[in-house]
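Residue strings, one per chain:
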Amino acid sequence: MKKITITIIIFLFLCACTKEEVTSRAYPRVLTTEVANITTTGASFHGEITFSSTEIVSHGFIWSTFSSMAIGYGNNIALGQKTGTGNFETSLQSSLVKGVKYYVLAYAQSSNYTVYGNVVEFEVPK
Amino acid sequence: MKIIILLVLLCVASVFTVCAQGDFRSGFIIKNNNDSITGLVRYRKASSSYDFCFFKETKGSPEQKLAPDDLKAYGYIDDRRYETKTLKLKGGGKKVFAEVLVKGKASLYLNEITFYFEKDSLVELPINKRIVVEGEDWNYTRESKKYVGILNLQIADCNLNANKVNYSQRDLTNLVQKYNQCKGSKGVAYKKNLPWAKLYPQLFAGFSASNLKVDSYASDVFKTSNTIIEGGSVDFSSPRINSKFFFSIEAWYVKNLYQGYAESQQSTSQIREDLVIDVSYLKIPLGLRFNLRKDDQTPYIKFGVVKYYELKSSLKIIIERESNAVVTTSLAQQTLDSRNLRGFWLAVGYTKSLSGRLKIFSELRYENTVGSIYSPLIDSKMSNTNLNVLLGLRF
């Protein structure tokens, strides 16, 4: 009886260990997570592939002073192929102007889709 | 949802099946020939105990239904005692089982809501009545305290008066006890060992399956949120009045993660939304508990109302627009404000004594709440149904 009670309690607690789940798609899912180490000589961009069911043929970041960006419309930092999900990052080494707002987004491409992550705004401190 | 309701109804039905077997407690009967027999007496609420006594000599014996004509008295060990008395009730004199509150040189009885004083003979103490006194252009109401006058006459041989005695069990019992002391009689107050108020602190933890419905989204958008809950409560009872009813106040800490998914079509775009609501609450359920048997080991039912107080909450919405094999993502993270979240709950449970005052209990509880949520992206009414399984200790 004691064992059954303990088993039930453990089962209930395991059921309740809720963490955020990522729903599946036919395309890879990508988020731009943060921009760090912002200076006049560059910054580090962080992104995450949260879901992937197909091979990612290319991924990376696009950054610009305009919030509307796409491959070919903005500065592209391509990081090549990637398998599976997970975080990725790169360091931008370029002169940035103090007080100017910049925008960056992470992207991922599969053979059928191009997926752009959310746009993150950052500003070089004066 | 239907499964949850069916499950709760099934539990309620099981509890009532157990209840139908009756709550027999150690007691005794005194027959008209003065034979005293100990056994088991069905425990019934005070108001149902005046007309009949249900008695079994042993657990397996057949139940006997005994009327006031059949007995001189019956009672429970360390609890209530009833004596057969002929009272002037509506329609003339009638034999009933009157509850003995004090037995001595002077005795005090209770039948339903009327008290009776007995010294040389049995005298009714009339219930308070409000009387309107009318003049030509004025009127006022006053209370008719006939019982005070009657008692003052009865206890005049001691230096006592009933002028400040309320028409309550406690005040009248104390007065009659004082009178008995004055007359050198060792009166017995049958329920003196039962406290007027008793507190039972409880600690519990459990599992909660919560379903959220936000009116601005389809009903099946959010998945069930399974979470651990923990909390504490205090049950109040007055064993002297009724040992089966409890008033309960609880405090729960609840943290829920609700995840939803919605899809829509906009001209050439397919829109997909992932919604994540992360919320923690302090919830305060207030309710009544009714034990079906003696508190040591009993099924119980509980019901009441609940109010939620939001401690922290956030909303995250990831929107993906797919058009011509290109997907753009936008992310919004905002604080969420839950407003006026309140509802009702119904529970069935079982409690069992471990040692001394320590008891363990398990409970299945259904809860339904409504309210509204607000953020810059969502401003909508919402409803929430929870099924909780609790395991706790009662001190």
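Residues numbered from 1 in each chain as written. Chains lettered and ligands numbered in written order. Predicted model: local features only at pLDDT ≥ 70, side-chain atom pairs only at ≥ 80, totals over all residues. Heavy atoms only, no water.

Digging into the overall build of chain B
Regarding its fold elements, chain B presents three helices and 22 strands. Relative to its full complement of 395 residues, chain B shows a buried share of 48%. Of the contacts formed within chain B by residues at least 6 apart in sequence, a portion of 59% connects residues at least 24 apart. Of the accessible surface of chain B, which amounts to about 20,000 Å², a share of 54% is contributed by carbon and sulfur atoms. (Helix = DSSP H or I, 4+ residues; strand = E, 2+ residues; numbered from the N terminus. Buried < 20%, exposed > 50% of the residue type's maximum accessible area, 1.4 Å probe, protein only. Contact = heavy atoms within 4.5 Å. Areas by Shrake-Rupley, 256 points an atom, 1.4 Å probe, with all protein chains shown as cover.)

Quick notes on helix α2 (residues 146-154) of chain B
Residue and element names in this part refer to chain B. Inspection of α2 places Tyr-147, Val-148, Leu-151 and Gln-154 among the buried residues, and these make up the whole buried set. Along α2, the residues classed as buried sweep out an arc of 125° about the axis, all on the same side. Facing away from the buried side of α2 by over 90 degrees, the exposed positions are Lys-146 and Leu-153. In this structure, the buried residues of α2 make contact with β9 (114-118), β10 (122-125) and α3 (169-182). (Arc of directions from axis to C-beta.)

A closer look at the interface of chain A and chain B
Facing the 22 residues of chain A at the interface are 23 residues of chain B. Of the roughly 2,000 Å² buried where chain A meets chain B, counting both sides, 57% is carbon and sulfur surface. At the boundary of chain A with chain B, the tally comes to five salt bridges. Looking at the side of chain A that touches chain B, the elements with two or more residues in it are α1 (2-15), β1 (29-39) and β7 (114-116) of chain A. The element best represented in the side of chain A that touches chain B is α1(A), accounting for four residues. Of the residues belonging to the side of chain A that touches chain B, the class tally is 11 nonpolar, six polar and five charged. Of the pairings in the sheet, the one linking β7(A) to strand β19 (residues 326-335) of chain B comprises three bridges and is parallel in character. When the bridges of β19(B) are listed, A:Val115 appears paired with B:Val327. (Buried area = accessible area lost by both parts, 1.4 Å probe. Salt bridge = Lys/Arg side-chain N within 4 Å of Asp/Glu carboxyl O. Nonpolar A, V, L, I, M, F, W, Y, C, P; charged D, E, K, R; others polar. Pairing = 2+ DSSP bridges.)

Focus: the sheet that holds strand β5 (residues 86-93) of chain A
Residues and elements named next belong to chain A. The three strands lie next to each other as β1-β2-β5, forming an open sheet whose pairing is antiparallel. Edge strands, defined here as strands with exactly one partner in the open sheet, are β1 and β5. Within the sheet, the average angular offset between the axes of one strand and its neighbour, ignoring direction, is 20°. Alignment of β1 against strand β2 (residues 42-51), held across eight bridges, turns out to be antiparallel. Its bridge partner lying in β2, Val-30 is registered against Ile-49. (Axes fitted to C-alpha atoms, helices over the stretch in contact; angles between N-to-C directions.)

Some details on the state of the cysteines
All names here are of chain B. On inspection of all chains with the given rule, the structure shows one disulfide over all chains. Each sulfur in the disulfide pair Cys-158 and Cys-182 lies 1.6 Å from the other. Around the S-S axis, the bridge from Cys-158 to Cys-182 shows a dihedral of about -95° and counts as left-handed. Residue Cys-158 is located in the loop between α2 and α3, and its partner Cys-182 is located in helix α3; the two are separated by 24 residues in the primary sequence. (Disulfide = S-S within 2.5 Å.)

Describing the nonpolar core
Residues and elements named next belong to chain B. Of all hydrophobic cores here, the largest spans 33 residues; its most connected members are Cys-53, Tyr-74, Leu-125 and Leu-172. Of all the elements in the fold, those that place two or more residues in this core are β2 (36-42), β3 (53-56), β5 (71-76), β7 (92-103), β8 (107-111), β9, α2 and α3. The biggest single contributor to this core is α3, with four residues. Excluding residues that lie within four positions of it along the chain, Cys-53 makes contacts with Ile-29, Val-41, Gln-64, Lys-65, Leu-66, Leu-71, Tyr-74 and Phe-97. (Core = buried A, V, L, I, M, F, W, Y, C linked by side-chain atoms within 4.5 Å.)

Re a nonpolar patch on the surface
Residue and element names in this part refer to chain B. A cluster of nonpolar residues, Leu-199, Phe-236, Phe-247, Ile-249, Leu-286, Leu-288, Phe-303, Val-305 and Leu-346, forms a patch on the protein surface that exposes about 720 Å² of accessible area. When residues of the nonpolar patch are traced back to their parent elements, those giving at least two are β16 (242-266), β17 (269-291) and β18 (297-323). With respect to the element layout, Phe-247 can be found in strand β16. By relative accessible area, Phe-247 is classed as partly exposed at 38%. (Patch = residues over 30% accessible without salt bridge, like charges linked within 9 Å, V, L, I, M, F, W, Y side chains within 5 Å.)

Side note on the pattern of salt bridges
Per the stated rule, a full pass over the model turns up 24 salt bridges over all chains. With a shortest N-O distance of 2.6 Å, A:Glu21 and B:Lys223 are connected by a salt bridge. Residue A:Glu21 is located in the loop between α1 and β1, and its partner B:Lys223 is located in the loop between β14 (198-214) and β15 (225-238); the two belong to separate chains. Note that B:Asp278 is salt-bridged to B:Lys255, the shortest N-O span being 2.9 Å. You can see B:Asp278 sitting in strand β17 and its partner B:Lys255 sitting in strand β16, a full 23 residues away along the chain. Classification of B:Lys255 by relative accessible area gives partly exposed; the value is 41%. What emerges from the salt-bridge pattern is a single network uniting B:Arg81, B:Glu83, B:Lys85, B:Lys103 and B:Glu118.

Re the confidence of the model for chain B
Across chain B, pLDDT averages 85, with 92% of residues at or above 70. On the interface metric, ipTM, the complex scores 0.86, and its pTM is 0.66. (pLDDT = per-residue confidence, 0-100.)

Section: α3(B)
Residue and element names in this part refer to chain B. The terminal C-alpha atoms of α3, which comprises 14 residues, lie 20 Å apart, in line with the 20 Å expected from a rise of 1.5 Å per residue. For α3, the full list of buried residues reads Gln-169, Leu-172, Thr-173, Leu-175, Val-176, Gln-177, Tyr-179 and Asn-180. On its buried side, α3 packs onto β7, β8, β9, β10, α2 and β13 (188-189). (Expected span 1.5 Å × (residues − 1).)

Describing the pairing of β17(B)
Residues and elements named next belong to chain B. Counting buried positions along β17 yields 17 of 23 residues, so the element is predominantly enclosed. Alignment of β16 against β17, held across 20 bridges, turns out to be antiparallel. Pairing of Phe-246 across the sheet is with Arg-289, part of β17. Across 22 bridges, the pairing between β17 and β18 is antiparallel. Residue pairing for β18: Ile-284 is matched across the bridge by Lys-307. Counted between consecutive antiparallel strands, the loop separating β17 from β18 contains five residues.

A closer look at the side chain of B:Glu250
Residue and element names in this part refer to chain B. Turning to its location among the elements, Glu-250 is positioned in strand β16. A polar contact is formed between the side chain of Glu-250 and the side chain of Lys-302, at a distance of 2.9 Å. Of note is the side chain of Glu-250, whose polar atom sits 2.9 Å from the side chain of Arg-365. The contact partners of Glu-250, leaving out residues within four places of it in the chain, are Gly-232, Ser-233, Lys-283, Ile-284, Pro-285, Lys-302, Trp-345 and Arg-365. (Polar contact = N/O pair within 3.5 Å; in protein donor to acceptor, adjacent residues only side chain to side chain.)

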